[in-house]
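Observations on the three-dimensional arrangement
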Amino acid sequence: MCILGSSGSGKTTLLDAMSGRLRRTGTFLGEVYVNGRTLRREQFQDCFSYVLQSDTLLSSLTVRETLRYTALLAIRRGNPGFFQQKVEAIMAELSLSHVADRLIGNYNLGGISTGERRRVSIAAQLLQDPMDLTSVDTQSKEREIETYKRVQMIESAYKKSAICHKTLENIERTKHLKTLPMVPFKTKDSPGVFSKLGVLLRRVTRNLVRNKLAVMMRLLQNLTMGLFLLFFVLRVQNNVLNGAIQDRVGLLYMFVGSTPYTGMLNAVNLFPVLRAVSDQESQDGLYQKWQMLLAYVLHVLPFSVIATMIFSSVCYWTLGLHPEAARFGYFSAALLAPHLIGEFLTLVLLGIIQNPNIVNSVVALLSIAGVLIGSGFVRNIQEMPIPFKIISYFTFQKYCSEILLVNEFYGLNFTCGSSNVSVMTNPMCAFTQGIQFIEETSPGATSRFTMNFLILYSFIPALVILGIVVFKIRDHLISR
């Protein structure tokens, strides 16, 4: 079958209608028969598939792995040998066996050829057992006019032929048969929600682990930022006149401000490809978009914990912050939360905004605004206008900053130059104990320490739930 037409003439819309991708819009005229049986509109997707013009595949998986994960998402029952035989048969049919263990790659970093990528996309559709794989959606403007003329000649000749009349007669006669063959629907026994989530989690994790640069970025970018601070400050002191308070406040400000940004960089770099894959595969009915989001969230957690521990272990003890093991644990836990919040906030926005660069800018501005309004390090919250005071309670930076402030300053005693320096000589000597600075900056923060932790970590499930809602809305808006 060949579908020919100029750009915007409706070729893709026709294919979407045939394959059941037009879920909510469009008026359908006429009837569709399969084996003489009338096919309802909601059954189109269960019979037909087509391969999109662009190949959206995960570059760090092999051809065999790509097809195996598709089979696991599409079919519930079957032992490992069943899936292996099905994948091997599809690869043999499409001449992919010789590249089965090669990475998909991309157009910049090698991998399989463009034609092989196209055949992998076709194989992924065939694994869903469609009755018919409709024509691949392609556009070639250079040969469009010439092809159109040739097709017109073929069409005209075919309509006058005896074969055409006989085919139409056979179709009409089939409608009136008493015993009609069954419609060969796709496999309906698909895996459950949790099974699909497990397959997606394994696929996302394997794709990331193969990307060494991405793994290094995720694990070491916080440490890279920390090394700059480490060489800049070297080691905090207890002498107020030598910057004991100023250095600590500056460090805490940078910790609170930078960790969400590094989380955002992860999501902006890694998730858009997964989003594109989920947009395509969800239209094929393999899973829903929010399941890909949740799989990404679950794969993030261990990497983020390890990255935060590496960063904290190097910076906390080298800088000479409060020398207690428990304080180190609180410090690490307090910085893990904003790192995750920054990444999950980015995921929510990526469900709304298509361009990752715009999301980058929005998250950066929100992080800066949150630190300015919520931390209390730039300006005392008590002295802010009432609207900003109210907004500060909705920023995670407020709770993270109070935790870090209490964790570092509580129980510290400061010196102020020589023993004969008085408060009248230098007002900075008024702060000789850490508790004094805590009460001046965030009154009552010591009594809110546990509550601040609970509120800070409540942002994480709230953003995950919001992300699921956003991606459900995205699914509704993208489906036509």
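Residues numbered from 1 in each chain as written. Predicted model: local features only at pLDDT ≥ 70, side-chain atom pairs only at ≥ 80, totals over all residues. Heavy atoms only, no water.

The protein goes by ATP binding cassette subfamily G member 5 in an unreviewed UniProt entry, where it is assigned to Mandrillus leucophaeus.

1. With respect to the overall build of the protein
What counts, and what does not: Think of it this way: any DSSP run of H or I at least four residues long counts as a helix, any run of E at least two long counts as a strand, and we number them from the N terminus. Classification of residues uses two cut-offs on accessible area relative to the type maximum, computed with a 1.4 Å probe and protein chains only: under 20% is buried, over 50% is exposed, and between them is partly exposed. Any two residues whose heavy atoms approach within 4.5 Å at even a single point are treated as in contact.
In terms of regular secondary structure, the protein is built from 16 helices and 4 strands. Among the 480 residues that make up the protein, the fraction classed as buried is 47%. Partitioning the contacts of the protein with sequence separation of at least 6, the portion at a separation of at least 24 is 76%.

2. As for the side chain of S367
Position of S367 among the secondary structure elements: in helix α12 (residues 356–374). If we ignore the near neighbours within four places in the chain, the residues touching S367 are P260 and Q397.

3. What about the environment of L252?
Residue placement: L252 occurs in helix α9 (residues 244–283). Overall, L252 belongs to the buried group, its relative accessible area being 3%. Each C-alpha atom of the pair L252 and S375 lies 9.4 Å from the other, and the pair is 123 residues apart in sequence.

4. Some remarks on a nonpolar patch on the surface
The line we're drawing: Within the patch definition used here, like charges are joined within 9 Å and nonpolar side chains (Val, Leu, Ile, Met, Phe, Trp, Tyr) within 5 Å, considering only residues with over 30% relative accessible area and no salt bridge. For the area figures, the Shrake-Rupley method with a 1.4 Å probe applies, and any residue is considered shielded solely by the protein chains shown. Salt bridges are counted wherever a side-chain nitrogen of Lys or Arg sits within 4 Å of a carboxyl oxygen of Asp or Glu.
On the surface, I386, I390, Y393 and F394 cluster together into a nonpolar patch covering about 500 Å² of accessible area. Along the polypeptide, I386 turns up in helix α13 (residues 386–392).

5. Details of the packing of aromatic side chains
To be explicit about the condition: Any two of the Phe, Tyr and Trp rings considered here, Trp counted by its six-membered ring, make a pair once their centres fall within 6.5 Å; the pair's planes then place it as stacked at under 30 degrees, edge-to-face at over 60, or tilted in between. To sit over a ring, a charge needs its Lys NZ or Arg CZ within 6 Å of the ring centre and within 35 degrees of the ring normal.
The tally for this structure, following the rule as stated, stands at 17 aromatic pairs. With 6.2 Å between their ring centres and 70° between their planes, F396 and F459 make a pair best called edge-to-face. Placement of F396 in helix α14 (residues 396–409) and of F459 in helix α16 (residues 449–478) is noted, with a sequence separation of 63 residues between them. Using a relative accessible area of 9% as the deciding quantity, one classes F396 as buried. Its guanidinium or amino end placed over the ring of Y393, K398 lies 4.7 Å from that ring's centre, counting from NZ or CZ.

6. What to know about the packing of helix α8 (residues 212–233) against α9
So the rule is basically this: For helices, the fitted axis covers only the stretch in contact; all axes are lines through C-alpha atoms, and the angles between them, taken along N-to-C directions, range from 0 to 180 degrees. Should an angle fall under 35 degrees it is called roughly parallel, over 145 degrees roughly antiparallel, and 65 to 115 degrees roughly perpendicular, with every other angle called oblique. Crossing handedness: left-handed means the near helix sits turned counterclockwise from the far one by under a right angle, and right-handed means the same turn made clockwise. Amino acids outside the nonpolar list (Ala, Val, Leu, Ile, Met, Phe, Trp, Tyr, Cys, Pro) and the charged list (Asp, Glu, Lys, Arg) are all regarded as polar, and Gly is one of them.
As a packed pair, α8 and α9 sit with axes 10 Å apart at the nearest point and diverge in direction by 160°. Here α8 is positioned roughly antiparallel relative to α9, judged by the angle of their axes. For α8 against α9, the interelement crossing comes out right-handed. Here A214, M217, R218, Q221, N222, M225, L229 and V233 of α8 lie close against α9, whose contacting residues are D247, L251, M254, F255, S258, T259, T262, L265, N266, N269 and L270. Tallied by class, the residues present in the contact of α8 with α9 amount to 10 nonpolar, 7 polar and 2 charged.

7. A closer look at the environment of E93
Here E93 is to be found in helix α3 (residues 80–93). Between the C-alpha atoms of E93 and A123, which are 30 residues apart in sequence, the distance is 8.9 Å.

8. A word on the UniProt feature "transmembrane region" (unreviewed entry) in the protein
Put simply, the rule reads: UniProt positions are given in the numbering used here, feature names are shortened, and annotations may be inferred rather than shown by experiment.
Per the UniProt record, "transmembrane region" (unreviewed entry) is annotated on residues 219–238, 250–272, 293–319, 331–351, 358–378 and 449–471. The span residues 250–272 is 100% helical and 0% strand by assignment, and the distance between its end C-alpha atoms comes to 34 Å. Overall, residues 449–471 shows 100% helix and 0% strand. The separation of its end C-alpha atoms is 34 Å.

9. A word on α12
In plain terms, the rule: Each residue after the first adds 1.5 Å to the expected span of a helix. For this analysis, a polar contact is any N or O atom pair within 3.5 Å, provided that within protein one partner can donate a hydrogen and the other can accept it, and provided that sequence-adjacent residues contribute only side-chain to side-chain pairs.
For α12, with 19 residues, the first-to-last C-alpha span of 26 Å sits near the 27 Å given by 1.5 Å per residue. Every buried residue of α12 is accounted for by V359, N360, V363, A364, S367, G370, V371, I373 and G374. Looking at the buried positions of α12, the neighbouring elements they touch are α9, α11 (325–350), α13 and α14. Two or three places before N357, at the opening of α12, N355 has a side-chain oxygen 2.9 Å from that residue's backbone nitrogen. A positive phi of about 80° marks G376, the residue just after α12.

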